[in-house]
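Architecture and fold: a report
Residues per chain, in single letters:
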Amino acid sequence: MKWLVLFIVVFLSGFQSLTAQQHPLHQFEIKDGSFMYDGKPITIHSGEMHFARVPREYWRHRLQMIKAMGLNTVATYVFWNYHETAPGKWDFKSESRNIREFIKLAQEEGLFVILRPGPYACAEWEFGGYPWWLQLNKDLEIRTYNQPFLDSCKVYLGKLAEQVKDLEVSKGGPIIMVQVENEFGSYVAQRRDIPLAQHKKYNQAIRNILVESGFTGPFFTSDGSSLFSGGAIDSILPSANGEDNIAKLKTVVNQYHHNQGPYMVAEFYPGWLDHWGEAFEKVTTASVVKQSEQYLQNNISFSFYMVHGGTNFGYTSGANYNKAHLIQPDITSYDYDAPISEAGWVTEKYNAIRDLMKKYSKDIIPEPPKQIPVISLPAIPMEKAYSVLDWKNSIEPVVNEAPMSFEGLNQGNGYVLYSRKFVQPVAGTLKINGLRDYATVYVNGEYAGTLNRQSNKFEMNIDIPFNATLDILVENMGRINYGAEIVHNQKGIISPVFIDSNAITGNWKMYSMPLETVPVLGHLSSQNTKGVASFYTAFFNLDKTGDTFLDMHDWGKGIVFINGHHLGRYWNKGPQQTLYLPGVWLKKGRNEIFIFEQKNDNLHPVISGKTAPVLDELVLDNN
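Report follows, based on the coordinates. (Residues numbered from 1 in each chain as written. Predicted model: local features only at pLDDT ≥ 70, side-chain atom pairs only at ≥ 80, totals over all residues. Heavy atoms only, no water.)

1. What to know about the overall build of the protein chain
Cut-off, in case you're wondering: Put simply, DSSP H or I for four residues or longer makes a helix, DSSP E for two residues or longer makes a strand, and each gets a number counted from the N terminus. Our radius of gyration is a C-alpha quantity, and the globule rule it is checked against amounts to 2.2 Å times the number of residues to the power 0.38. Relative accessibility decides the category of a residue: with a 1.4 Å probe and only protein chains considered, values under 20% of the type maximum give buried, values over 50% give exposed, and everything between is partly exposed. Contact criterion: two residues are considered in contact whenever any of their non-hydrogen atoms come within 4.5 Å of each other. In summary, the charge assignment counts Lys and Arg as positive and Asp and Glu as negative, without counting His or the chain termini. Every charge is mapped onto a representative atom, which is NZ of Lys, CZ of Arg, CG of Asp or CD of Glu.
Along the protein chain, the regular secondary structure elements total 12 helices and 36 strands. A globule of 623 residues ought to have a C-alpha radius of gyration of about 25 Å, and the protein chain, at 26 Å, matches this closely. Seen through its C-alpha atoms, the protein chain measures out along the principal axes to roughly 95 × 60 × 60 Å. Out of the 623 residues in the protein chain, the part that is buried amounts to 58%. If you take every contact in the protein chain between residues at least 6 apart in sequence, the share linking residues at least 24 apart comes to 79%. Averaging the positions of the 57 positive and the 64 negative side-chain charges in the protein chain gives two centres separated by 4 Å.

In structure tokens, the structure reads:
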């Protein structure tokens, strides 16, 4: 009898376990004009945060900040090029790439998740999230109904689904919605050369790939309210980015969603993006609170873009463009004037929104977590400096009749040094109309001038003597991430180099300098020449660690590594004059700093720190 009882207990336990696996633990659906969670209507109060822009060690802290602001959801983009680090090489584990961990942490902190997988993201991110090497396939055209592109998208979305599809709410996870593409209506308006039927076919194909990959939704689209005609998909909820007129929001959603809601603003902007060489954008607290209250009073779902911006570490920042600038590179900070600052601090805007949410929330809103400690770095003396023109001699060049693009050299980011020997003297106007994006020019190892796509400067006077070498150090400042020009995103020198009307051909040498990691320089002699791009290195000791900011006011233009971590670009043009240094990347005891200074207008004996960021100091007369 005991054995029979034991058998029944085990059988029932197994049956219950199987039943739990077969039936959803929770249900989220779009039904009868509402968002429904377990059969009850809910309103989504979300904030956007990109896990790729925040050190992994700080994810929980930032999620707790979001929860303590009174929100119930976190939205996040997934950047394809952040996870496919090389063709066919996938990384969902290292650094801040573990999206599965991020989503599960959000669930632990009591937050739903809105997943925005792209494959196009925009987000002021390098190439809008596309891997740069897609451009190497001449038969592939991005963001349209093109089979090689769709095949690549299918691989990406399949790899992502393997990581997170079981974390949808119907399977016990926190993911309540999945976005199809991103702001596609804008692209339809920008690319009128592509038939609308082809645009629609592409957008539907992305939706189909998401389903085939294992995502069950519900799905939604996200566009400006005047652009639904291009971006909306039949039977999928459209959301209106940036729409502050509630009557208009309801009218346009009704038009494309069976004359009913729910009504959602998937991107509500409490701040805005920032470019090098332009003023730091700010949005007033009063205007954000006023608009938030209108949404709350009318049961409008919304998502703050961004609630916490974070940082464009490494080469992850993208670029825009307009009539005045062929490229507007985004700054390294993605602070965005968001309620939670770049370093995860409570702001005036945060407190004001939190107070408002407390008025309308039926739940108890927790207190914000303690701020990550901040330390003051001592002044760090630079110990050694190495000329980039010396370093090039340790690199095997590619030789070609004409300059080659980064892509032609199988290089995505960083720098390329273009070099050519002249056996006869030549003088005139150096013209590089195909410069992408910033060039420092040397003649026989001496600084001769700067060319800069951001300021539309593509020519300069040059005087090259007999038996001299011309060196052109070119920087990729980030691929365009938004607009019709996203399809023209090669970097380096992509057209002939002219002196006056003469194309300079023959025996061009290209030295690849991606600087994704700190290079080995110990074989070089330490020397530092004013005007010549140089590597600076130093060690410094700390008794304690904490978040801090490097003061780059006295430096020119370049990149910084701390203990091997790429902090991103700096440029004294502004408005950003500091670099955020997360304390988790520092160590008690010995630390290493590595700086690549491109301009080197002045020799730099020291670098200092600050305990607060400087993001709004513009210097208009810098190249």
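Don't stop here, the text continues.
2. Some points on the packing of helix H2 (residues 59–68) against helix H4 (residues 99–108)
Applicable threshold: Here an angle of 0 to 180 degrees is reported between the N-to-C directions of two axes, which are lines fitted to C-alpha atoms, with helices fitted over the stretch in contact. Throughout, the term roughly parallel applies to angles under 35 degrees, roughly antiparallel to angles over 145, roughly perpendicular to angles from 65 to 115, and oblique to all others. The handedness criterion is simple: a crossing whose near helix is rotated anticlockwise from the far helix by less than a right angle is left-handed, and one whose near helix is rotated clockwise is right-handed.
Running from N to C, H2 and H4 cross one another at 40°; their axes reach a closest spacing of 10 Å. Looking at the two axes, H2 sits oblique to H4. Two packed elements cross with a definite hand, and for H2 against H4 that hand is right-handed. Each of Trp59, Arg60 and Leu63 in H2 lies in contact with H4, whose residues at this interface are Glu101, Phe102, Leu105, Ala106 and Glu108.

3. Considering the environment of Leu615
Here Leu615 shows up in the segment after strand E36 (606–610). A relative accessible area of 9% means that Leu615 is categorised as buried. Considered as a pair, Leu615 and Pro575 are 40 residues apart in the sequence and their alpha carbons are 5.4 Å apart.

4. Remarks on the packing of aromatic side chains
Heads up, the condition is: A pair of aromatic rings is counted whenever rings of Phe, Tyr or Trp (Trp by its six-membered ring) have centres within 6.5 Å, and the orientation is called stacked for planes under 30 degrees apart, edge-to-face for over 60 and tilted otherwise. We call a charge positioned over a ring when the NZ of a Lys or the CZ of an Arg lies within 6 Å of the ring centre and within 35 degrees of the ring normal.
Inspection of the entire model under this criterion finds 42 aromatic pairs. Look at Tyr130 and Phe149: their rings are 5.6 Å apart centre to centre, the planes differ by 80°, and that puts the pair in the edge-to-face class. With Tyr130 in the loop between strand E8 (112–116) and helix H5 (147–164) and Phe149 in helix H5, the pair connects residues that are 19 residues apart, well separated along the chain. Between Tyr269 and Tyr305, the ring centres sit 6.3 Å apart and the planes meet at 80°, which makes this aromatic pair edge-to-face. On the criterion of sequence distance, the pair formed by Tyr269 in the loop between strand E12 (264–268) and helix H10 (285–297) and Tyr305 in strand E13 (residues 301–308) is long-range, its members being 36 residues apart. Using a relative accessible area of 22% as the deciding quantity, one classes Tyr269 as partly exposed. Three or more aromatic residues joined by ring pairs make a cluster, and in this case those are Trp80, Trp90, Phe92, Tyr120, Phe127, Tyr130, Phe149, Tyr156, Phe184, Tyr187 and Tyr202. Lying across the ring of Tyr120, Arg143 places its NZ or CZ 3.6 Å from the centre.

5. Remarks on the nonpolar core
To keep things clear, this is the line we draw: Residues enter a nonpolar core if they are buried and are Ala, Val, Leu, Ile, Met, Phe, Trp, Tyr or Cys, with the set joined through side-chain atoms within 4.5 Å.
By size, the foremost hydrophobic cluster in this structure holds 121 residues, and its most contacted members are Tyr130, Leu550, Val560 and Ile593. At 8 residues, H5 tops the list of elements feeding residues into this core. Ignoring anything within four residues of it in the chain, the contact list for Leu550 reads Leu377, Val560, Ile562, Leu567, Gln577, Thr578, Leu579, Leu581, Ile593, Ile607, Ser608 and Gly609. Grouped together as the second largest cluster of nonpolar side chains are 27 residues, Phe422, Val441, Met460 and Leu470 included.

6. A closer look at the sheet that holds E13
Quick note on the threshold: By this definition, two strands are paired if DSSP reports at least two bridges between them.
The strand order across the open sheet built from 8 strands is E11-E10-E9-E8-E5-E4-E13-E12, with neighbouring strands paired in parallel fashion. One side of each edge strand has no neighbouring strand; the edge strands of this open sheet are strand E11 (237–241) and E12. Between one strand axis and the next, the sheet turns by 30° as a mean value, whatever way the strands run. As paired elements, strand E10 (residues 219–224) and E11 share 5 bridges and run parallel to each other. Along E11, the bridge assignment pairs Phe220 with Leu237.

7. Quick notes on the sheet that holds strand E25 (residues 468–475)
In sheet architecture, strand pairing relies on hydrogen bonds along the backbone and comes in two forms, parallel and antiparallel. Reading across from one edge, E18-E29-E19-E25-E22-E23 is the order of the 6 strands in this open sheet, with antiparallel pairing throughout. Each having just a single partner strand, strand E18 (398–400) and strand E23 (446–452) make up the two edges of the open sheet. Neighbouring strand axes in the sheet, compared pairwise and without regard to direction, differ in orientation by 20° on average. Bridging between strand E19 (residues 415–422) and strand E29 (residues 508–513) involves 5 bridges; their strand directions are antiparallel. Across the sheet, the residue bridging to Tyr415 is Met513, located in E29.

8. So, the pattern of salt bridges
What counts here: Whenever a carboxyl oxygen of Asp or Glu lies within 4 Å of a side-chain nitrogen of Lys or Arg, that contact is scored as a salt bridge.
Summed over the entire model, instances satisfying the criterion amount to 24 salt bridges. When the shortest N-O distance is used, the salt bridge between Glu101 and Arg56 registers 2.5 Å. Within this pair, whereas Glu101 is found in helix H4, its partner Arg56 is found in the loop between strand E4 (45–49) and H2, the two being separated by 45 residues in sequence. For Glu101, a relative accessible area of 27% puts it in the partly exposed group. The class for Arg56 is partly exposed, based on a relative accessible area of 27%.

9. Observations regarding the environment of Gly230
Structurally, the position occupied by Gly230 is in helix H8 (residues 228–231). Discounting chain neighbours no more than four positions away, the residues touching Gly230 are Phe184, Gly185, Val188, Lys200 and Asn203.

10. Observations concerning the packing of H10 against helix H11 (residues 348–360)
Definition in use: Here the term charged refers only to Asp, Glu, Lys and Arg, the term nonpolar to Ala, Val, Leu, Ile, Met, Phe, Trp, Tyr, Cys and Pro, and the term polar to all other amino acids, Gly among them.
Taken N-terminus to C-terminus, the directions of H10 and H11 make an angle of 20°; their axes are 10 Å apart at the nearest point. Taken together, the axis directions place H10 and H11 in an arrangement best described as roughly parallel. Of the two possible hands of crossing, H10 and H11 adopt the one that is right-handed. Across the interface between the two elements, Thr285, Val288, Val289, Ser292, Glu293, Leu296 and Gln297 of H10 pack against Glu348, Lys349, Ala352, Ile353, Leu356, Met357, Lys359 and Tyr360 of H11. Of the residues that constitute the contact of H10 with H11, the class distribution is 8 nonpolar, 3 polar and 4 charged.

11. So, H11
Going by this rule: A helix is expected to reach a length of 1.5 Å times the quantity of its residues less one. Directions are taken from the helix axis to each C-beta atom, and the arc is the one they span.
The end-to-end C-alpha distance of H11 is 19 Å, a good match for the 18 Å that 13 residues give at a rise of 1.5 Å each. If you check which residues of H11 are buried, you get Lys349, Tyr350, Ile353, Arg354, Leu356 and Met357. In an axial view of H11, the angular spread of the buried residues amounts to 165°, which keeps them on one side of the axis. Those residues of H11 that are exposed and angled more than 90 degrees off the buried face are Glu348 and Lys359. Elements in contact with the buried residues of H11: E4, H2, H10 and E13.

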